[in-house]
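Summary of the model geometry
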Amino acid sequence: MALDTVAIAEKTPNQEQPFAALGLKNDEYQRIREILGRRPSSSELAMYSVMWSEHCSYKSSKVHLKQFGEKAPHSDALLVGIGENAGVVDVGQGYAVTFKIESHNHPSFIEPYQGAATGIGGIVRDILTMGARPIAVMDPLRFGRADAPDTRRVLPGIVAGIGGYGNCLGLPNIGGEILFDETYAGNPLVNALCVGVMRHDQIKLAKASGPGNLVVLFGAKTGGDGIGGVSVLASETFGSTGPAKRPSVQVGDPFTEKVLIECSLEIFAEDLVVGIQDLGGAGLSCATSELASGGSGGMQVALDTVPLRDPSLSPEEILMSESQERMCAIVEPGKIARFLEICKKWDVTVTVIGEVTDGDRLIITWHGEVIVDVPPRTVAHEGPVYNRPFSEPAYIARANAQVLDLPMPDESEIAAAIVKLMSSPNMADKSWVTSQFDKYVQGNTIQSQPEDSGMVRIDEKTHLGVAISTDANAPWSYLNPYEGAKLALAEAARNIATAGAKPLAVTNCLNFGSPEDPGVMWQFAETVRGLADGCLEMGLPVTGGNVSFYNQTGDVAILPTPVIGVLGVIQDVRSRTPMSFDRAGIDLYLLGETFADFAGSQWAYMHEQRGGQSPQADLQREMRLIELLLECQKLFVAAHDLSQGGLAATLSEMVLRNGIGAQIQLTQDLATALFSETPGRVVVAIDPKNSVALQEMSQKYQIVLTKIGVTGGESLTINNAVISLTALGDAFMSTFPKLFG
Amino acid sequence: MATIVVDVMLKPEILDPQGQAVGAALPRLGFTFAKSVRQGKRFEIEIDGEVTPAQLAEVSKAAETLLANPVIETFTVRVEN
């Protein structure tokens with residue numbers, strides 16, 4: 001293909017361009033022509049197409065996401081908010097923590113290992129870009145039915161990819177989720193969260209300011225990885241086009257990334273950069289336009305200086321390449337010598353590819369000829385915005401009106417029912433997966449799966465730590481996306497409070513079907529409204545997040561799956577409360593009331609019923625419960641949240657964790673008491689001598705407190721039903737090895 | 001007895017960290033001839049008797065399913081006597 005320059009574009013205004021094949025709509029293409037006052041060159045077209053894709057531009061979600069800013073609660077803890085690579089939160093003692101979740105769903109379906117691996121690589125670079133040292137990762141995952149053949153292809157690959165990349169980087173994987181539902185067949189969800197820590201004065205931002213400053217590309221060389229990956233992979237639903245048309249997969253190299261992390265941290269420590277950006281989706285197109293747009297606007301780049309792994313790449317391909325393990329920095333000329341020296345020490349390829357100018361255009365040349373000349377804001381931040389139509393889908397009224405018809409086992413049947421529940425893939429032990437991840441590397445992991453949250457120490461002297469939980473309840477979001485988002489937020493916050501950490505901030509990864517479907521768009525709008533309202537009520541700011549649309553196969557969208565991550569701080573990790581008790585003879589109490597909330601429950605899912613009405617979130621009560629958990633923390637021997645699977649699951653997980661049984665007495669209808677998933681409940685274990693103190697606290701915070709039993713023995717005994725720990729453990733532990741072993 | 005050889009290589013556009021590492025190590029050891037290195041893998045499959053076209057087709061199918069990952073790799077199948 002002959003080189004298409006800006007000069008040629010001016011002379012040949014009528015030349016046909018393949019904008020549709022690049023994912024641009026006709027009116028978007030016309031807008032590019034209006035902005036430029038001419039047809040775009042092919043390189044400009046490549047840049048606009050990839051930056052205006054749904055994945056990069058958030059064109060369908062922007063109008064809704066602005067609620068996170070409008071309804072933001074006042075928070076002294078927020079140091080950097082939405083819009084940067086990741087939000088930054090003050091956790092005290094001069095430390096700042098940054099965390100974010102992203103999706104890597106579509107690439108992981110095509111090539112599970114590399115897709116999941118590069119998902120980790122990308123989110124880790126986002127955190128690094130803020131100036132922080134990455135300290136842990138988490139992975140919320142969702143798959144099609146556990147026994148479906150394709151799940152057997154994607155799940156082991158994805159798990160191995162996460163483990164392979166994360167373990168090589170030396171980052172502990174401290175939690176996440178693994179759930180199955182047939183709507184994820186052909187569209188697994190691979191979300192990746194990373195958390196990093198830095199001192200307050202080390203925060204870095206993505207901006208290119210100061211004319212004369214140099215644009216420096218460092219890290220891996222550029223190859224033909226995932227060209228068009230962002231626009232084609234993330235913006236079009238899988239349909240009839242076969243694998244042959246799919247673009248090449250990005251392949252990561254964790255050892256290069258590890259060196260890049262250490263090299264970047266040394267560069268940060270010497271304060272050598274003005275601004276920095278990682279190269280992820282949309283590669284150089286994204287990094288150059290976002291850096292220029294974040295600064296004064298002017299930048300000149302000589303694209304032919306970019307070091308290539310494959311010398312046959314065209315300029316358009318170089319601009320769109322998603323080769324992994326690359327970073328772009330803005331460096332003052334006086335500091336470049338030291339910058340290059342540090343890169344040399346770490347054996348990192350580094351090239352000065354351009355400079356910041358005092359103009360307001362991003363100009364990219366190829367062997368001296370201008371191939372891109374654009375206002376960078378129009379590429380990076382002023383892309384199209386769609387107010388897509390949305391309306392309540394027909395299924396909502398139908399599903400909400402449905403009366404559930406579920407078996408309600410009595411005392412003689414309850415033991416078998418609990419064993420069946422705990423052996424179902426959604427509830428079963430996940431250590432087949434999590435044992436493939438390094439949970440303890442770096443030596444600061446305090447707790448990880450299967451505990452309610454992941455917790456890492458960030459200061460070895462003061463024992464300051466942070467805890468994170470990621471949660472989504474897609475069946476509730478399916479029935480009521482507004483309440484579902486609030487309930488997921490409450491659950492994530494509760495999951496860190498059970499360990500004794502105070503919730504501080506929120507990140508999210510919103511996984512949905514096609515935004516061009518008004519029903520899906522309604523699910524999304526309701527979810528964002530619910531999450532923004534919930535965050536405002538709970539006083540937790542949203543620090544950033546990610547939207548993944550087009551998660552559907554043909555006409556079937558996934559369940560709306562807003563994965564909510566809540567981060568909290570704990571002053572002394574040594575005082576954290578584990579999920580289970582380590583001795584017999586202590587009392588078990590249930591905090592919170594139980595109603596017949598079966599809609600969206602695991603019990604309903606096991607019996608193939610999706611209908612009914614989701615519970616309503618009572619966030620005031622959730623906040624009182626969290627305060628109670630934090631204030632009473634010293635009283636608790638153990639505390640464990642109730643969520644999927646209800647009290648039956650919580651008790652089973654507690655007794656199996658340390659192999660110490662429990663005798664439970666329940667007065668309510670057994671099936672309701674055990675399988676209902678009423679939100680806002682926690683089981684706590686306390687020494688009997690502290691019962692009065694706990695009762696006083698439950699009155700102070702108006703949380704219903706019920707004594708349900710005592711610990712000890714070789715079984716989980718509920719009224720007169722006895723389940724031996726051996727039988728329960730076998731059922732719980734054997735499901736994953738049987739399916740995937 | 002015959003041997004069917006399946007050679008598997010990463011597609012040219014796919015990053016090959018192992019090949020790169022070998023390529024970087026060669027000059028350190030004084031071997032300066034290599035411009036670049038790409039690393040693949042080779043399977044030797046022994047069968048009884050002469051190889052039939054049907055067997056070769058079956059091996060190709062197995063290569064596509066198990067020995068190679070056709071999303072990121074290419075393979076060739078040949079007979080070695």
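Before reading further, recall that the structure is shown in the block above.
Below: a short report on this structure. (Residues numbered from 1 in each chain as written. Chains lettered and ligands numbered in written order. Predicted model: local features only at pLDDT ≥ 70, side-chain atom pairs only at ≥ 80, totals over all residues. Heavy atoms only, no water.)

1. Quick look at empty space enclosed by the protein
Residue and element names in this part refer to chain A. All told, the structure shown has six cavities of 30 Å³ or more when counted by the stated rule. What the largest cavity holds in volume is close to 100 Å³. Lining the largest cavity we find R142, L179, F180, D181, Y184, N426, A474, P475, L559, Q602, Y605 and Q644. Counting only elements with at least two residues in the lining of the largest cavity, the list comes to β5 (173-180), α19 (474-479) and α22 (602-606). A class-by-class count of the residues in the lining of the largest cavity yields seven nonpolar, three polar and two charged. One number sums up the size of the second largest cavity: a volume of about 70 Å³. Every residue along the wall of the second largest cavity is listed here: D181, P475, Y478, G600, S601, Y605, Q609 and R610. (1 Å grid on protein atoms, 1.4 Å probe; cavity = no way out; pocket = protein on both sides within 12 Å on 5 of 7 lines; lining within 4 Å. Points joined across faces, edges and corners; volume = space filled by probe spheres on them. Helix = DSSP H or I, 4+ residues; strand = E, 2+ residues; numbered from the N terminus. Nonpolar A, V, L, I, M, F, W, Y, C, P; charged D, E, K, R; others polar.)

2. Observations concerning the nonpolar core
All names here are of chain A. With 58 residues, the main nonpolar core has V124, F143, I158, F180, F218, I267 and F339 as its most contacted residues. When sequence neighbours within four positions are dropped, the list of residues in contact with F180 reads F143, G144, R145, A146, T151, L155, P425, N426, Y605, F736 and F740. Core analysis: the next-biggest nonpolar cluster, separate from the first, contains 56 residues, L65, A501, L591 and L635 among them. (Core = buried A, V, L, I, M, F, W, Y, C linked by side-chain atoms within 4.5 Å. Buried < 20%, exposed > 50% of the residue type's maximum accessible area, 1.4 Å probe, protein only. Contact = heavy atoms within 4.5 Å.)

3. Concerning helix α16 (residues 394-401) of chain A
Residue and element names in this part refer to chain A. Looking only at α16, the buried set comprises Y395, I396 and A399. What you see down the axis of α16 is that its buried residues fit within an arc of 105°, all on one side. Facing away from the buried surface of α16 by more than 90 degrees, the exposed residues are A394, R398 and A401. Summarising the contacts, the buried residues of α16 are in contact with α19, α20 (481-497) and α21 (518-538). (Arc of directions from axis to C-beta.)

4. Some details on helix α8 (residues 112-129) of chain A
Residue and element names in this part refer to chain A. The end-to-end C-alpha distance of α8, which contains 18 residues, comes to 26 Å, matching closely the 26 Å that a straight helix rising 1.5 Å per residue would cover. The buried fraction of α8 amounts to 17 of the 18 residues, a majority that puts the element mostly inside the structure. At the exit of α8 stands G131, carrying a positive phi of roughly 100°. (Expected span 1.5 Å × (residues − 1).)

5. What to know about the side chain of Q277(A)
Within the fold, Q277(A) resides in strand β8 (residues 275-278). Looking at Q277(A), its side chain comes within polar contact range of the side chain of E290(A), at 2.5 Å. (Polar contact = N/O pair within 3.5 Å; in protein donor to acceptor, adjacent residues only side chain to side chain.)

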